[in-house]
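Summary of the model geometry
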Amino acid sequence: MQPQTLMLMLFGTYALDRGASLSAGGIIEVLGRAGVSTHATRSTLSRMVGRDLLQRRPVGRKMYFGLTERSTAILHDGRARIWQDGAVNDRWDGTWTLLSFSLPESMQRERHDLRSRLAWSGFGPVQGGLWIAPGDVPAQQIVAELGLAAHARVFRQARADDTTDIGALIADAYDLSELAARYEEFLTRWDRSEMPGDPLAARLTLIAEWLEAIRRDPRLPVEHLPADWPAGRAQKVFRDLEAAFREPAQAVADDLLDTLSSSG
């Protein structure tokens, strides 16, 4: 797990929406418990400041770090993916968002950027420049942000004909083996009953690894996935463990983290 990912989980868990900044010393101590060296933590803090993910707040001889607008938006998105969207789409309304695009050969970089954004947003390629995603996805916003609106056509609330095999369509558009492997890997690591020695480090790592597992999941309709699809079991393991770690981790965090309020 990358130090920046653990750092974001730390701030997302103990600073987001609290107007709080965390001291460098406390951050170093917490990430050290998760196996990150002091040097790596300090380097990560500097890089995140440079990327507008954290802002420095010096107070006397201490240095505190707080979230920026950019990192706040990233963490809110991650929170929604974990707790609102979830890993199991059992309420699909049967509609699709379709996006068709055509870019000249001279726009290879733009094509790459568009494909990356579409994959991140739950789209899969059907054929040529036609991509689909289950449900209502803000595709027009994606192409507008990339400056490619003139090269794309978006269709919302589309429905497949009764003769279309939805399961086969999904298998063609998405790499189901790769998606399932993420959840299987998560289960291999976390489907166990013992309480870890350090609940704070375990909770941060658990949340980070779960977000990594679901972040590129297109949330395909569960009724059209294989019967042994592992997402549901993995989500239950995550939520049970997170609930078990929460109070012990908070007790450790209260002892280790030196926080500064926005009015401090």
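Residues numbered from 1 in each chain as written. Predicted model: local features only at pLDDT ≥ 70, side-chain atom pairs only at ≥ 80, totals over all residues. Heavy atoms only, no water.

This part takes up unusual backbone geometry. One non-glycine residue, Asp 52, adopts positive backbone phi at about 60 degrees. Mapped onto the fold, Asp 52 is located in the loop between helix H3 (38-50) and strand S2 (54-59). For Asp 52, a relative accessible area of 42% corresponds to the partly exposed category. A positive phi is found at Gln 157, a non-glycine position, where the angle reads about 55 degrees. Tracing the sequence through the fold places Gln 157 in strand S7 (residues 152-158). You can call Gln 157 exposed: its relative accessible area is 61%. (Helix = DSSP H or I, 4+ residues; strand = E, 2+ residues; numbered from the N terminus. Buried < 20%, exposed > 50% of the residue type's maximum accessible area, 1.4 Å probe, protein only.)

Under the 1.5 Å per step criterion, the end-to-end length of helix H1 (residues 3-14) is 16 Å for 12 residues, consistent within 8% with the ideal 16 Å. Extensive coverage of H1 is indicated by the burial of nine of its 12 residues. (Expected span 1.5 Å × (residues − 1).)

Let us now look at the sheet that holds strand S5 (residues 124-127). Pairing within the open sheet is antiparallel, and its four strands lie in the order S5-S6-S4-S7. Edge strands, defined here as strands with exactly one partner in the open sheet, are S5 and S7. Across the sheet, the mean angle separating the axes of adjacent strands is 25 degrees when strand polarity is ignored. Where strand S4 (residues 96-101) meets strand S6 (residues 130-134), five bridges bridge the pair, whose relative direction is antiparallel. (Pairing = 2+ DSSP bridges. Axes fitted to C-alpha atoms, helices over the stretch in contact; angles between N-to-C directions.)

These figures capture arrangement, not role.
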